[in-house]
Each structure stands twice: as C-alpha cells, then as structure tokens.
Amino acid sequence: MKNRPTIKTIASDTGYSIATVSKALNGSRQVRAATREKIIASAKRYGFELNLSGVQLRTGKTYKIAYVVIAADPDNQEWSGVSHGDLLSGITHALADTPYQVALHQVSDYQESLELIKTLVINKKADGIIFPGTYANDIRIQYLLDTDFPFVTYGMSSHSRPHAYVDTNNQLIVTISIQRLIAKKHRRIALLEADRELMNSVTRHRAYQKSLAQSGLDYDADLVKFGRLSAAFGREMFFQLSSLSSPPTAYYCANEAVALGVLSGFHARGYVHGRDAVINATDDLNISNYFTPPITTCYLPISRSSYVLGEFMLRLLNGEPVTKLQKLLLPDLIERCPDILE
C-alpha cells in the first residue's frame, strides 16, 4: 500500500525545510507568496490532505480564478465558432500544477457580466478574473482597474490605463490579408464582422479601411456587415451582398463559422469559388482546412491563446506588472487557394 504523503514528502519534493513547508501550508505570512504557491502545488500533486479552507481563512485567498463568459442563447442551435470550453481548456492547463482552480461563470449578456464581476470582487469570491469579448470602452475593465482587482482579458480595449490582456494581432493580420487580396486584383472586398462595439471588430474595421485607402480604393459601407458571428449570419450577408449591382469578388470573414455560411451561400447561388468570388477568414480551430474547397485563413490555435491567459493570470497574482502582461499573437497566413479569379 502506498504511503500517505507527509510534510516531509513535500519538503523533499520542493527543497524547502519542514518548518517552511509547515508554515506555508498553514498560511503563515512569514513565507513568500511564490514559495507558498510552490509548496501548495506540490501538496496538491501528492494528494496531501491540506486543510485548504483553513488556509483560505488565514490568507484571505480562495485559490479560484473566475472565468466569466456571455453564453449563447440556449435556444440558438447555430454554430458560432470557438466555444467557451475551448478557451477554458487552455486556461485550466496553464493552472494544472498550481493550487488554483477555474470557476466557470456563464451569464446571458454584457450587463449581467458586469454585475457578476462586481459581486465576485465585493464578496471576494475569487483571486482573479478572466473574461473574453472586450468592448472598446469596457465598463467592466474600468471597474476592475478602479478596484485594483487582478484580471486578464482575452482582448484589448481603448482604456488609457494599462491592463493585462492576450489578443490576436488583428490590425496586422487584416492589413496583410486585405493587401494580399488587393494584390490579386480584388477591388470589391466585403468585410463580415462581429458586433461593432467589440474591440477586435473596431480594430479589424480600421485596418480594413486603412488598407483600402493606402491602395487608392474607396471605402464602401455597403460592403461591411456587423452582427453575431455564425454560419447563418454569413449565409444571409452573402445573399445581400451578392445581390448588389456591383457585388464583392472577395469575402473576408471574422471567423470560420461565418465563412462556412458564405460558402453555403455560394452553393445555393451556384457560385464557384475562384471563378465568381473567393472567401478568406480568421481561423481558430483549423476547420477551414476541411471546407470544400479549403479556404485561405489566418490561423491561430485557440489553445495557444487560452494557455497564455492562464499563464498571465498566475504571473499577475505573483506581482508582475501589467505592462509585462500584454501580448498580441500573430496568426499564420495559410494559403489554401490561389484566390485569383479565373
């Protein structure tokens, strides 16, 4: 029968003295935070029966990271791309060898997410908060900055005060993609975007406008559509755009769910990809590789982004300044089609 782990086991594993391990497990303030975290993580790995509730009472820590997400309407069966489970998986993996656990909080809308965040902070129900889907002017971010509560966002914002975030380099990748399509002689390029208040949507829209201007092309508001990213949205917008007197020859989609909807519209209208128009997209799951035909995408694995979210949360809790916890990840441009009209 395997021996039960003891304080001596943890001391041997971490290299700290029995006295230091004992103090750490009992929440002594004489032990540095980084040392305590290492010791508690070791105790967790060995299955040491730590009285975590007692430690929480003494230190005021919950060892919980709240992940706050706006969930899709339960009556909506439409695929909209990356699920919150995909993001949660990477965060959980980053926290795996620590005493921290992720607590999932699903809300129905932006206002409810703000109220929940306030409740978590006021009642000290978490040590840190992570949430995706940032707005350009995000009240949630402002509140957390004002209360000096640890948080990391999946998305930038336009706030003047810095905060920790992970995001796709939307400006650069849209610039590269639109300039590539222009170089391939496309002059009518549609942009199918998310809610216009979201920061990533604002950033991509600006990059789209700037790329057109730099190439001497006029901006046509009729070619830009904002909405809830889903296959249904992509299909509906394609039907609208393809009915214009001068329809687009290229569709740049904010995610692959929208691209799938546009591709479905191609089939319904008898469009041939590469003859009548082409589709490009931002891709998180590599599903675009299995479309018929496979389309050109800007691919950034969601596991990479979500892992950095968890990593940044840990570094923030260990006292690292937020200015060192801001990262823009650049997707890989995967050219699967020539994207030149025949």
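To be clear, the structure that these remarks concern was listed above.
Residues numbered from 1 in each chain as written. Predicted model: local features only at pLDDT ≥ 70, side-chain atom pairs only at ≥ 80, totals over all residues. Heavy atoms only, no water.

Examining the packing of aromatic side chains
Consideration 1: Per the stated rule, a full pass over the model turns up nine aromatic pairs.
Consideration 2: Look at Y208 and Y219: their rings are 6.2 Å apart centre to centre, the planes differ by 75 degrees, and that puts the pair in the edge-to-face class. Residue Y208 is located in helix α9 (residues 199–214), and its partner Y219 is located in the loop between α9 and β7 (224–226); the two are separated by 11 residues in the primary sequence.
Consideration 3: With relative accessibility at 1%, the residue Y208 sits in the buried group. (Phe/Tyr/Trp six-rings, centres within 6.5 Å; stacked < 30°, edge-to-face > 60°. Helix = DSSP H or I, 4+ residues; strand = E, 2+ residues; numbered from the N terminus. Buried < 20%, exposed > 50% of the residue type's maximum accessible area, 1.4 Å probe, protein only.)

Re the side chain of S177
Consideration 1: Summarising the element assignment, S177 is placed in helix α8 (residues 170–183).
Consideration 2: For S177, the residues in contact, after removing those within four places along its chain, are Y252, C298 and L333. (Contact = heavy atoms within 4.5 Å.)

Examining the sheet that holds strand β1 (residues 64–70)
Consideration 1: Strands sit in the order β2-β1-β3-β4-β5-β11 across an open sheet of six strands; the sheet is parallel. Only two strands of the sheet have a single partner each, and these edge strands are β2 (101–107) and β11 (326–329). Adjacent strand axes in the sheet meet at a mean angle of 15 degrees, parallel and antiparallel pairs treated alike.
Consideration 2: Relative to strand β5 (residues 164–168), strand β4 (residues 151–154) runs parallel, the two being bridged by three bridges. Note on β5: the bridge partner recorded for V152 is A164.
Consideration 3: Across the sheet, helix α6 (residues 110–122) touches β1, β2 and β3 (128–132), and the angle it forms with β1 is around 165 degrees. (Pairing = 2+ DSSP bridges. Axes fitted to C-alpha atoms, helices over the stretch in contact; angles between N-to-C directions.)

Digging into the packing of α6 against helix α7 (residues 139–147)
Consideration 1: For the pair α6 and α7, the least separation of the axes is 10 Å and the interaxial angle reads 15 degrees. Comparing the axis directions of α6 and α7 gives the class roughly parallel. Seen from above, α6 lies across α7 with right-handed handedness. Of the residues in α7, those in contact with Y110, S113, L114, I117, K118, V121 and I122 of α6 are I139, R140, Y143, L144 and T147. (Parallel < 35°, antiparallel > 145°, perpendicular 65-115°, else oblique. Left-handed = near helix turned anticlockwise from the far one by under 90°.)

A word on the packing of helix α1 (residues 7–14) against helix α3 (residues 33–46)
Consideration 1: The interhelical angle for the contact between α1 and α3, taken along N-to-C directions, is 120 degrees, at an axis separation of 9 Å. Between α1 and α3, the angle falls in the class oblique. Of the two possible hands of crossing, α1 and α3 adopt the one that is right-handed. Residues T9, I10, D13 and T14 of α1 form the contact with α3, whose own contacting residues are K38, I39, S42, A43, R45 and Y46.
Consideration 2: Partitioned by chemical class, the residues of the contact of α1 with α3 number four nonpolar, three polar and three charged. (Nonpolar A, V, L, I, M, F, W, Y, C, P; charged D, E, K, R; others polar.)

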